[in-house]
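Chain residues, written in single-letter form:
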Amino acid sequence: MSSISGKTTIDWAAFAQRLAPVEVIDEPVLIKKRSRDFFWYSPILNDQLKRCFGDLVALPKTTQELAHCLSEAFAAEVPVVIRGGGTGNYGQAVPVEGGLILDMTRMSEILEIGEGFVRVQAGALMKDINEALLATGQEMAMFPSTKDIATIGGFVAGGSVGIGSLATGALREAGNLMALSAMSVEASPQERVFTGTDVMKIHHAWGLNGVITEVTLRTVPTRDWIAAMVTFEDYETAYATAYALATTDHIAPKLVSVVDARIVDYFPRLKGHVRAGKELVVSYVPREDLATFTQMAEAGGGVVDLAMDDTERESKSIPHAFEFCYNHTTLQVLKSDRSATYQQIGVPVASDAAAIARLRQDLGEEVWTHHEFYRLNGEVVSIDLPIIWYSTPERLAELNALYERHGFAVYDAHSNLVERGGLHSADYSHLAWKKRMDPKGLLNSAKSVAWPIVKDLSPEEIEAKSVEASE
Ligand SMILES: Cc1cc2nc3c(=O)[nH]c(=O)nc-3n(C[C@H](O)[C@H](O)[C@H](O)COP(=O)(O)OP(=O)(O)OC[C@H]3O[C@@H](n4cnc5c(N)ncnc54)[C@H](O)[C@@H]3O)c2cc1C
């Protein structure tokens, strides 16, 4: 069997045999499907990555099978990319160097549920974790809007915030990610346990410094959640009211999102349910807080068009509210028009609705804002995941510069490198652990610009660079 990626010289049929009894997929069409994620959100990444494929898919069911795959990959020096649900937006799970795709979805057991925590295998879908928790009166402290198809390992390795983060903070906040185990790529792969702040050594490393096998997550008591949709006449008022709803001590919403009216026009399943042509605030609020929520929303000039629990939602055939927030908002637009794209923008002062109004004026018709609030170090912060009507990379760069002139940070969603997106700089702690867990640099190495520079140093020398960088 020759190389599908065209980038490796390995005898893939022989390698597949060496992986036995692990199940493999060697059908080119299926391998190509599992080589993709949601990178096509970005026209720039789409051009770069659409022809990048792996050569073989392995689907280990147990840690023993996983260890066998990693040991064989180490011996044959095969590049490895780990894959969960394949819902990442930056091509994190695309095998740009070809090689083995390690599909984790068969390692999906829910191992233990206790008061305030759940311990699961990394390939478990977040929908299944949440369903199991609900039976015990608990729920995940947060989940991404892709919970139905994304794995917890993928969220821990590639995600950051989600529905719930307004109440409980980003995934990286102390206590949310309680422990994880990760396996090394060596002749005899070792499973190491990371607890407390040490989880940060693996969290958000895009699967380049170990294969996460198990995760222990904080859980919270579940509430009788009401999905509320409130419409407003103008964005500045909608944003200011949403900020008030997100920050007040009188109610405890787990989601507050603000969506430009022009984006709402791309939500066909809300037609007839929310007022047309209006700015939209989407929220989840506990039933007992609904009266205060409504008072505050109306005092801010809003009209509560929908306030429904799951039974009412189903009777109206309306999708979950989380399908109109975070990156699902972008997906709703892309379903109708592939010329749209998006960006990730940090808002410098979350309370400053006037600064957002000034920025929106400069952005004009080309960019439509969409804000999410979440908690970081106890403070409510705001990010914008705007729809951008794409023309050229140069124009996108001009728009990025415009954001920066207004004092807003750009976390580039159009790069396939871990240092360019959310992190903004090299994480030498991640790379030191890569050296320990993956000494031959087989795991997703092409996604780091800093790795080729440090790969010949010892883990301690790499770690010391964090200190140099902070001086
Ligand atoms: C419509 C849409 C909405 C989204 N909403 C959100 C959101 O609300 N919040 C958010 O944070 N993100 C969001 N995302 C991004 C993404 O869905 C999430 O980060 C998701 O949790 C990724 O999980 P996955 O199983 O699909 O991971 P994958 O895409 O399969 O993998 C993501 C990264 O993790 C690595 N990885 C996967 N499994 C493991 C493992 N076991 N060990 C080590 N590394 C591993 C992969 O190599 C890759 O680098 C969204 C994406 C889309 C398309």
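The structure displayed is predicted, hence computed values, not measured ones.

**Things to note about the UniProt feature "domain: FAD-binding PCMH-type" (unreviewed entry) in the chain**
- The sites that carry the UniProt feature "domain: FAD-binding PCMH-type" (unreviewed entry) are, in the present numbering, residues 50-222.
- As a span, residues 50-222 carries 20% helix and 28% strand, and end to end its C-alpha atoms are 41 Å apart.

**What to know about the site of the ligand**
- Taken together, 38 residues lie near the ligand, and Gly84, Gly153, Gly154, Gly159 and Gly207 sit nearest.
- For the shell around the ligand, the element with the most residues is helix α6 (residues 152-158), which contributes five residues.
- By residue class, the composition of the shell around the ligand is 16 nonpolar, 20 polar and two charged.
- No fewer than three residues from each of domain 1 (12-103) and domain 2 (225-410) sit in the shell around the ligand.

**Notes on the domain arrangement of the chain**
- Its domain assignment divides the chain into domain 1 (12-103) and domain 2 (225-410).
- If you average the C-alpha positions of domain 1 and of domain 2, the two centres end up 35 Å apart.
- Facing the five residues of domain 1 at the interface are seven residues of domain 2.

**Quick look at the pairing of strand β5 (residues 110-114)**
- With zero of five residues buried, β5 lies mostly on the surface of the structure.
- Note: β5 against strand β6 (residues 117-121), four bridges, orientation antiparallel. Residue pairing in the sheet places isoleucine 113 in a bridge with valine 118 of β6.
- Between β5 and the antiparallel strand that follows it, β6, lie two residues; glycine 116 among them carries a positive phi value of about 90°.

**Section: the sheet that holds strand β20 (residues 387-389)**
- Taking strand neighbours across the sheet as the criterion, the three strands line up as β15-β20-β17 in an open arrangement whose pairing is antiparallel. Two strands close off the open sheet at either side, each with one partner strand: β15 (340-342) and β17 (367-368).

**A look at the sheet that holds strand β3 (residues 80-83)**
- The four strands are arranged β1-β2-β4-β3 in an open sheet whose pairing can be described as mixed. Strands with a single pairing partner mark the edges of an open sheet, and in this sheet they are β1 (23-25) and β3. On average, each strand axis in the sheet is inclined to that of its neighbour by 25°, with strand direction left out of account.
- Here β1 runs beside strand β2 (residues 56-59); their pairing, made up of three bridges, is antiparallel. Among the inter-strand pairings, valine 24 is bridged to a residue of β2, identified as alanine 58.

The rules we used
- Residues numbered from 1 in each chain as written.
- Predicted model: local features only at pLDDT ≥ 70, side-chain atom pairs only at ≥ 80, totals over all residues.
- UniProt positions renumbered as here; feature names shortened; annotations may be inferred.
- Helix = DSSP H or I, 4+ residues; strand = E, 2+ residues; numbered from the N terminus.
- Near = placed C-beta within 6 Å.
- Nonpolar A, V, L, I, M, F, W, Y, C, P; charged D, E, K, R; others polar.
- Domains from an automatic or database assignment.
- Contact = placed C-beta atoms within 7 Å.
- Buried ≥ 20, exposed ≤ 12 C-beta atoms within 10 Å, placed from the backbone.
- Pairing = 2+ DSSP bridges.
- Axes fitted to C-alpha atoms, helices over the stretch in contact; angles between N-to-C directions.

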